[in-house]
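Examining the three-dimensional arrangement
Each chain, written out:
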Amino acid sequence: MIDKEKFHVLNYIKKEEYTASMEGMRYMLKKKEAEGESVLEAVIWPEPYCYAKTGEEKKQRKVFALSPEGVEQAAGWLNEQYKAHREYWKASKTFE
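Read on for an overview of the structure. Since this is a predicted model, take the numbers as computed values, not measurements. (Residues numbered from 1 in each chain as written. Predicted model: local features only at pLDDT ≥ 70, side-chain atom pairs only at ≥ 80, totals over all residues. Heavy atoms only, no water.)

**With respect to the nonpolar core**
Core analysis: the biggest nonpolar cluster contains 20 residues, and Phe 7, Met 25, Tyr 27, Leu 29 and Leu 78 have the highest contact counts within it. Going through the elements one at a time, α1 (10–13), β2 (25–34), β3 (37–46) and α2 (68–84) are the ones with two or more residues in this core. The element best represented in this core is α2, accounting for six residues. If near-sequence neighbours (up to four positions away) are discounted, Met 25 is found in contact with Ala 20, Ile 44, Trp 45, Leu 78, Gln 81, Tyr 82 and Trp 89. (Core = buried A, V, L, I, M, F, W, Y, C linked by side-chain atoms within 4.5 Å. Buried < 20%, exposed > 50% of the residue type's maximum accessible area, 1.4 Å probe, protein only. Helix = DSSP H or I, 4+ residues; strand = E, 2+ residues; numbered from the N terminus. Contact = heavy atoms within 4.5 Å.)

Right under this line is the structure:
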């Protein structure tokens, strides 16, 4: 699980995509332009493949403000998605 108190990735996200995984759930946080403003997009998908090799139908996305609060909300959403679909994520790790 992501500890929202220690998850300080905003400055990194402003320059690069941030990717990581949690027990079968891969995720990416990235800066994106939407309607003339910068926002934070969170994307999740199952292992074992990287973002580029995973079909769009297996990805979920959510947009947040590009701010410390937005990063905290994104971390909360990632934790919620992991908890809600824990068995799915764990099963994706055993893909052969």
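**Observations concerning the packing of α2 against helix α3 (residues 86–93)**
It is the contact of α2 with α3, at a shortest axis distance of 4 Å, that shows an interaxial angle of 80°. Looking at the two axes, α2 sits roughly perpendicular to α3. Contact residues: Gln 81, Tyr 82, Lys 83 and Ala 84 in α2; Arg 86, Trp 89 and Lys 90 in α3. (Axes fitted to C-alpha atoms, helices over the stretch in contact; angles between N-to-C directions. Parallel < 35°, antiparallel > 145°, perpendicular 65-115°, else oblique.)

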